[in-house]
Amino acid sequence: MHIVDGVLSMPVLLGSGVLALAGVGLGLRALDESSIPRAGLLTAAFFSVSLIHIPLGPTSAHLLLTGLMGVLLGWAVFPAICVGLLLQALFFGYGGVTVLGANTLNLALPALLFGLAGRAVLARLRPAALSWWVMPLGALVGAGAFAGSALLVAGSLAASGEGFWAAARLALIAQLPVALIEAVVTAAALRLLWTVRPELLARPARAC
Amino acid sequence: MPGSRAGAASRGPDPRVRLLCCLGWALVVVGLEGWAALSAALLAGVLLTRWAGIAPRRLVRLVLVFEGLMLLTLGLLPFTVPGQPLWQGGGLVLSEQGLTLAGVIAARASAVALVTLALLAGVGADGLGAALRALRVPGALIELLLLSARYLDVLAREQTRLRAAMRARAFRPRSDLHTLTSYGFLVGMLLVRALERAERVGAAMRCRGYAGRMPLPELAPLRGADLGFAVGFALLLAVLMVLEHG
């Protein structure tokens with residue numbers, strides 16, 4: 001889910017860079033000095049969660065949980081993911097300088113759409129509703145945001161050159177089990193949040 | 001490491017110069033195609049990490065992790081790109097064009113990663129924040145960067161504690177539903193703790209006069225040495241361009 005430097009063509013880099021810039025700009029307008037600490041700590045929490053490796057047969061997969069980020073952060077998910085990618089470049093030596101825009105867009109756009117939709121459904125749920133009810137919603141948000149990102153990654157590779165088309169399709173198939181993992185983990189995490197701190201999820205989606 | 005305060009005051013070129021050099025390097029290197037220029041870029045990348053004082057052992061570990069990632073993302077290319085077959089077997093065709101493409105991309109990505117590490121790892125989050133502010137990046141994005149860099153290892157330690165509690169209840173990760181829901185509850189609990197901490201952190205910040213702008217180390221005016229570094233770096237980029245097009 002992480003495109004490295006030197007793969008994408010110039011038009012794809014520029015196009016997704018401009019869109020990511022717009023998304024980050026809109027996300028920053030949703031933040032004020034009272035919500036910045038929350039957004040900062042959530043970014044750090046999701047970054048540390050992404051270091052969890054889950055055994056998957058002989059290999060392992062690591063969590064992204066961008067759908068859950070979208071539910072909790074709303075529009076602020078754009079700057080949050082951008083910051084996460086910057087930290088990754090800075091402290092883990094993964095580079096990703098020219099693809100910062102493309103990676104931000106590919107991860108944040110599906111997270112935003114599924115997050116806002118999930119938030120709208122949660123706002124209609126009665127606070128006393130049983131926590132089981134939020135699990136299918138969490139699964140949908142988790143799998144949807146992940147699948148959306150996988151499609152965008154494959155799309156930006158395919159748009160960069162025909163040579164990448166077959167590899168992108170294979171990578172897409174390889175991501176399927178990870179989408180299921182994201183679905184189950186997001187569902188369980190959302191259920192816990194709904195049980196422990198329902199007020200975080202029930203009120204209408206504000207800035208963050 | 002995240003949250004360290006060594007940052008902006010550390011020796012060497014100014015963070016602004018480092019950041020701009022890093023951007024220029026990335027933009028030039030992702031456009032390279034010839035092996036002469038790419039090998040020179042890789043060599044320069046390794047030498048720059050030595051100059052930055054990154055221990056060889058740490059460098060080898062980082063490079064191994066990074067190349068593993070590259071193998072995952074690029075490993076299929078030699079087989080999926082059509083072209084002159086080099087090897088055939090089991091229904092697979094290894095094409096020359098595919099192998100070259102994968103090699104070129106791996107070289108570009110590694111050269112960018114090495115130089116990013118060399119130029120920026122020593123700057124620290126606050127140095128980077130100060131440089132970004134000098135380059136007119138919106139303040140809220142910088143605050144977000146500083147806060148998450150500061151609390152990353154706090155929350156990672158919180159996560160270690162939660163996982164120790166799970167282990168104490170005989171939890172062992174496997175490939176099953178129970179493992180996934182348990183990790184989901186772990187994530188949810190970590191988020192609850194993070195949000196509660198955010199309330200305390202926010203209150204503490206406001207009570208110390210925070211109004212949307214965090215104090216950052218003032219960057220000293222650019223010195224001759226900084227400009228010298230920038231000129232030297234521009235010469236390096238020029239050499240790469242000559243190797244590519246000359």
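Residues numbered from 1 in each chain as written. Chains lettered and ligands numbered in written order. Predicted model: local features only at pLDDT ≥ 70, side-chain atom pairs only at ≥ 80, totals over all residues. Heavy atoms only, no water.

Undergrad: Looking at this structure, I do not really get a nonpolar patch on the surface. What am I missing?
TA: A grouping of B:F79, B:L86, B:W87, B:L92 and B:L99 is seen on the molecular surface, where their side chains present a nonpolar patch of about 480 Å² in accessible area. Within the element layout of this structure, B:L99 appears in helix α5 (residues 96-120). (Patch = residues over 30% accessible without salt bridge, like charges linked within 9 Å, V, L, I, M, F, W, Y side chains within 5 Å. Areas by Shrake-Rupley, 256 points an atom, 1.4 Å probe, with all protein chains shown as cover. Salt bridge = Lys/Arg side-chain N within 4 Å of Asp/Glu carboxyl O. Helix = DSSP H or I, 4+ residues; strand = E, 2+ residues; numbered from the N terminus.)

Undergrad: Help me understand the packing of helix α3 (residues 66-73) of chain A against helix α8 (residues 176-196) of chain A, please; the structure alone is not making it clear to me.
TA: For any two helices packed against each other, one specifies the inter-axial angle together with the distance between the axes. Residues and elements named next belong to chain A. Packing of α3 against α8 brings their axes to within 9 Å, and their N-to-C directions diverge by 30 degrees. By the angle between their axes, α3 is roughly parallel relative to α8. Between α3 and α8, the contacting residues are T66, L68, V71 and L72 on the first element and E182, T186, A189, L190 and L193 on the second. Across the contact of α3 with α8, the residue classes break down as 6 nonpolar, 2 polar and 1 charged. (Axes fitted to C-alpha atoms, helices over the stretch in contact; angles between N-to-C directions. Parallel < 35°, antiparallel > 145°, perpendicular 65-115°, else oblique. Contact = heavy atoms within 4.5 Å. Nonpolar A, V, L, I, M, F, W, Y, C, P; charged D, E, K, R; others polar.)

Undergrad: When you look at the UniProt feature "transmembrane region" (unreviewed entry) in chain B in this model, what are you seeing that I'm missing?
TA: Mapped onto this structure's residue numbering, the UniProt feature "transmembrane region" (unreviewed entry) falls at residues 23-47, 59-79, 99-123, 177-195 and 224-243 of chain B. Annotation note: span residues 59-79 of chain B, helix share 90%, strand share 0%, distance between end C-alpha atoms 30 Å. (UniProt positions renumbered as here; feature names shortened; annotations may be inferred.)

Undergrad: Quick question: what am I supposed to make of the UniProt feature "transmembrane region" (unreviewed entry) in chain A here?
TA: Residue and element names in this part refer to chain A. Sites flagged by UniProt as "transmembrane region" (unreviewed entry) map to residues 12-30, 36-56, 63-87, 107-125, 137-158 and 170-194. In this annotation, residues 12-30 is assigned 95% helix and 0% strand; the end-to-end C-alpha distance for the span is 27 Å. Note that residues 170-194 is 96% helix and 0% strand, and that its end C-alpha atoms are spaced 37 Å apart.

Undergrad: Can you help me understand the packing of aromatic side chains in this one?
TA: To describe a pair of aromatic rings, one takes the distance between the centres and the angle between the planes. Residue and element names in this part refer to chain B. Taken as a whole and assessed by the stated rule, the structure comprises 4 aromatic pairs over all chains. Aromatic pair W51 and F229: ring centres 5.3 Å apart, planes at 25 degrees, arrangement stacked. Of the two residues, W51 is situated in helix α2 (residues 35-51) and F229 in helix α9 (residues 224-245); the sequence distance between them amounts to 178 residues. Seen in terms of ring centroids, F171 and Y183 are 5.6 Å apart; in terms of plane orientation they differ by 80 degrees. Their pairing is edge-to-face. (Phe/Tyr/Trp six-rings, centres within 6.5 Å; stacked < 30°, edge-to-face > 60°.)

Undergrad: What is the right way to read the pairing of strand β2 (residues 92-95) of chain B from this model?
TA: A regular strand places its side chains so that they alternate between the two faces of the sheet. Looking at chain direction, strand β1 (residues 85-89) of chain B and β2(B) are connected through 4 bridges and run antiparallel. What sits directly across from B:P85, in β2(B), is B:S95. (Pairing = 2+ DSSP bridges.)

Undergrad: How should I be thinking about the pattern of salt bridges in this particular structure?
TA: Inspection of the entire model under this criterion finds 11 salt bridges over all chains. Across the pair A:R197 and A:E199 runs a salt bridge whose closest N-O atoms are separated by 2.7 Å. Accessibility expressed as a relative area gives 11% for A:R197, which makes it buried. Residue A:E199 is classed as partly exposed on the basis of its relative accessible area, which comes to 42%. B:D14 is the salt-bridge partner of B:R16, the closest N and O atoms lying 2.9 Å from each other. (Buried < 20%, exposed > 50% of the residue type's maximum accessible area, 1.4 Å probe, protein only.)

Undergrad: Would you mind going over the interface of chain B and chain A with me for this structure?
TA: It is common to give the size of an interface as the accessible area lost on bringing the parts into contact. Taken together, the 73 residues of chain B in the interface contact 64 residues of chain A. Applying the counting rule to chain B against chain A returns 2 salt bridges. Residues A:R197 and B:E196 are paired through a salt bridge, measuring 3.4 Å at the closest nitrogen-oxygen approach. For the pair chain B and chain A, the interface holds 4 residue pairs in polar contact (both at pLDDT 80 or more). Secondary-structure elements contributing two or more residues to the side of chain B that touches chain A are α1 (15-29), α3 (56-74), α4 (77-80), α5, α6 (124-134), α7 (139-168) and α8 (177-207) of chain B. For the side of chain B that touches chain A, the element with the highest residue contribution is α8(B), accounting for 22 residues. In terms of residue class, the side of chain B that touches chain A is built from 53 nonpolar, 11 polar and 9 charged. (Polar contact = N/O pair within 3.5 Å; in protein donor to acceptor, adjacent residues only side chain to side chain.)

Undergrad: When you look at the confidence of the model for chain B in this model, what are you seeing that I'm missing?
TA: Regions with low pLDDT should not have their predicted coordinates read in detail. Of all residues in chain B, 96% attain a pLDDT of 70 or more, and the chain-wide mean is 88. Contacts of residues 1-9 of chain B to residues separated by more than four positions or lying in other chains number 18 contacts, the stretch itself having pLDDT below 50. (pLDDT = per-residue confidence, 0-100.)

Undergrad: Sorry, what's going on with the nonpolar core here?
TA: As a rule of thumb, soluble globular proteins bury nonpolar side chains together. The biggest cluster of nonpolar side chains holds 119 residues, and the ones touching the most others in it are A:L63, B:W25, B:V187, B:L191 and B:F233. Per element, the largest residue contribution to this core is 14 residues, and it comes from α7(B). Counting residues in hydrophobic clusters, the runner-up holds 25 residues, among them A:V7, A:A154, A:L157 and B:M70. (Core = buried A, V, L, I, M, F, W, Y, C linked by side-chain atoms within 4.5 Å.)

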